[in-house]
Amino acid sequence: TGLVLSNLSSCATLLEAMKAVAHAYNLLHGGAYNRVELREDRLTYIIDDRGFPYAPRMDPSQTRFAMVSVLIFLHALLVLISDDGLHRRLRKVHIKGTRLAGAPGYLEFWAAPIRWKSSTYALDYELEAGSAPVACGGPVPSSQAIYRKIIDLIEHNQSVGVRHRS
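Not measured: the values here are computed from a predicted model.

Please clarify how the side chain of Thr44 should be interpreted in this entry.
Relative to the helices and strands, Thr44 is located in strand S2 (residues 42–47). Assessed through its relative accessible area of 1%, Thr44 is described here as buried. In terms of polar contacts, Thr44 uses its side chain to reach the side chain of Asp124, at 2.6 Å. In this structure Thr44 touches Met18, Arg35, Val36, Glu37, Arg39, Ala122, Leu123 and Asp124, once residues within four positions along its chain are discounted.

Have a look at this one:
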């Protein structure tokens, strides 16, 4: 995480920061699993874990939990370096697999609809979010600051009663 965060100091916009994060994670994991796409109507951070060397015999529910946790961490990181308004600019969360009966509580984090049966894990933001400035020049954010932001976002969602259906 320190390496990933240290690459953000030269980024001026959220789009640049997203690309820097994707590049750093790809270096760390030894493959092109992360990418950022600008589409006609959205900015998307994609994690394509097909071919990722997960632990042998890892249960699919454990994989999903791990990947949704990565998306939560990534979203909180992006909110932290831009501004809290980015949380409201999240349009859709893409998750592989089918919706589980009695969806696990960790899925309640999202203040945006979830698209199930996706081929990748992804976060869709409003296209305009890519040009948002990011905080730079100060100290590199820490993992602890990102975890604090996750808690802040959970508390925000609970206070406004956010619950979206897929």
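Additional details are given in the paragraphs that follow.
Any chance you could explain the sheet that holds strand S1 (residues 34–38) here in plain terms?
In any sheet, the strands associate via hydrogen bonds between backbone groups, in a parallel or an antiparallel arrangement. Across the sheet, which stays open at both edges, the five strands sit in the order S1-S2-S5-S3-S4 with mixed pairing between neighbours. Both edges of this open sheet fall to S1 and strand S4 (114–115), since each of them pairs with a single strand only. Here strand S3 (residues 90–94) runs beside S4; their pairing, made up of two bridges, is parallel. Bridge assignment links Val93 to a residue of S4, and that residue is Ile114. Strands in contact with helix H2 (residues 14–29) are S1, S2 and strand S5 (121–126); relative to S1, the strand with the most contacts, it is inclined by about 155°. Across the sheet, helix H3 (residues 60–81) lies against S2, S3 and S5, angled at about 30° from S5, the strand it touches most.

Explain the packing of aromatic side chains to me, please; I cannot follow it from the model alone.
Two aromatic rings, taken as a pair, are described by how far apart their centres are and by the angle between their planes. Within this structure, the stated rule accounts for four aromatic pairs. Ring geometry for Tyr33 and Phe52: centres 5.0 Å apart, planes at 75°, overall edge-to-face. Residue Tyr33 is located in the loop between H2 and S1, and its partner Phe52 is located in the loop between S2 and H3; the two are separated by 19 residues in the primary sequence. On the basis of relative accessibility, which here comes to 13%, the residue Tyr33 falls in the buried class. Counting every residue linked through ring pairs, the aromatic cluster contains Tyr33, Phe52 and Tyr54.

Even after reading the chapter, I still don't get H2, so can you show me in this structure?
Because an α-helix packs 3.6 residues into every turn, residues spaced three or four apart end up facing the same way. Spanning 16 residues, H2 covers 22 Å between terminal C-alpha atoms, matching the ideal 22 Å at 1.5 Å per step. Contact partners of the buried residues in H2: helix H1 (2–6), S1, S2, H3, helix H4 (85–89) and S5. Positive backbone phi, approximately 70°, marks Gly30, located one or two places after H2.

Just checking my understanding: could you explain the layout of surface pockets for this structure?
Over the atoms a probe the size of a water molecule is rolled, and this reveals where empty space is left. Approximately 330 Å³ is the volume attributed to the largest pocket. If you trace the largest pocket, you find 15 residues lining it, with Tyr25, His29, Ile47, Met67 and Val70 closest to the centre. Secondary-structure elements contributing two or more residues to the lining of the largest pocket are H2, S2 and H3. For the lining of the largest pocket, the leading source of residues is H3, giving five residues. Residues of the lining of the largest pocket, tallied by class, amount to ten nonpolar, three polar and two charged.

Explain unusual backbone geometry to me, please; I cannot follow it from the model alone.
Note: most peptide bonds trans; most residues except glycine with negative phi. In the Ramachandran plot, Lys117 falls in the positive-phi region, its phi being about 60° despite a non-glycine side chain. Among the structural elements, Lys117 can be located in the loop between S4 and S5.

Got a minute to help me understand the environment of His29 in this structure?
You can see His29 is positioned in helix H2. Overall, His29 belongs to the partly exposed group, its relative accessible area being 38%.

Rules used throughout
- Residues numbered from 1 in each chain as written.
- Predicted model: local features only at pLDDT ≥ 70, side-chain atom pairs only at ≥ 80, totals over all residues.
- Heavy atoms only, no water.
- Helix = DSSP H or I, 4+ residues; strand = E, 2+ residues; numbered from the N terminus.
- Buried < 20%, exposed > 50% of the residue type's maximum accessible area, 1.4 Å probe, protein only.
- Polar contact = N/O pair within 3.5 Å; in protein donor to acceptor, adjacent residues only side chain to side chain.
- Contact = heavy atoms within 4.5 Å.
- Pairing = 2+ DSSP bridges.
- Axes fitted to C-alpha atoms, helices over the stretch in contact; angles between N-to-C directions.
- Phe/Tyr/Trp six-rings, centres within 6.5 Å; stacked < 30°, edge-to-face > 60°.
- Expected span 1.5 Å × (residues − 1).
- 1 Å grid on protein atoms, 1.4 Å probe; cavity = no way out; pocket = protein on both sides within 12 Å on 5 of 7 lines; lining within 4 Å.
- Points joined across faces, edges and corners; volume = space filled by probe spheres on them.
- Nonpolar A, V, L, I, M, F, W, Y, C, P; charged D, E, K, R; others polar.

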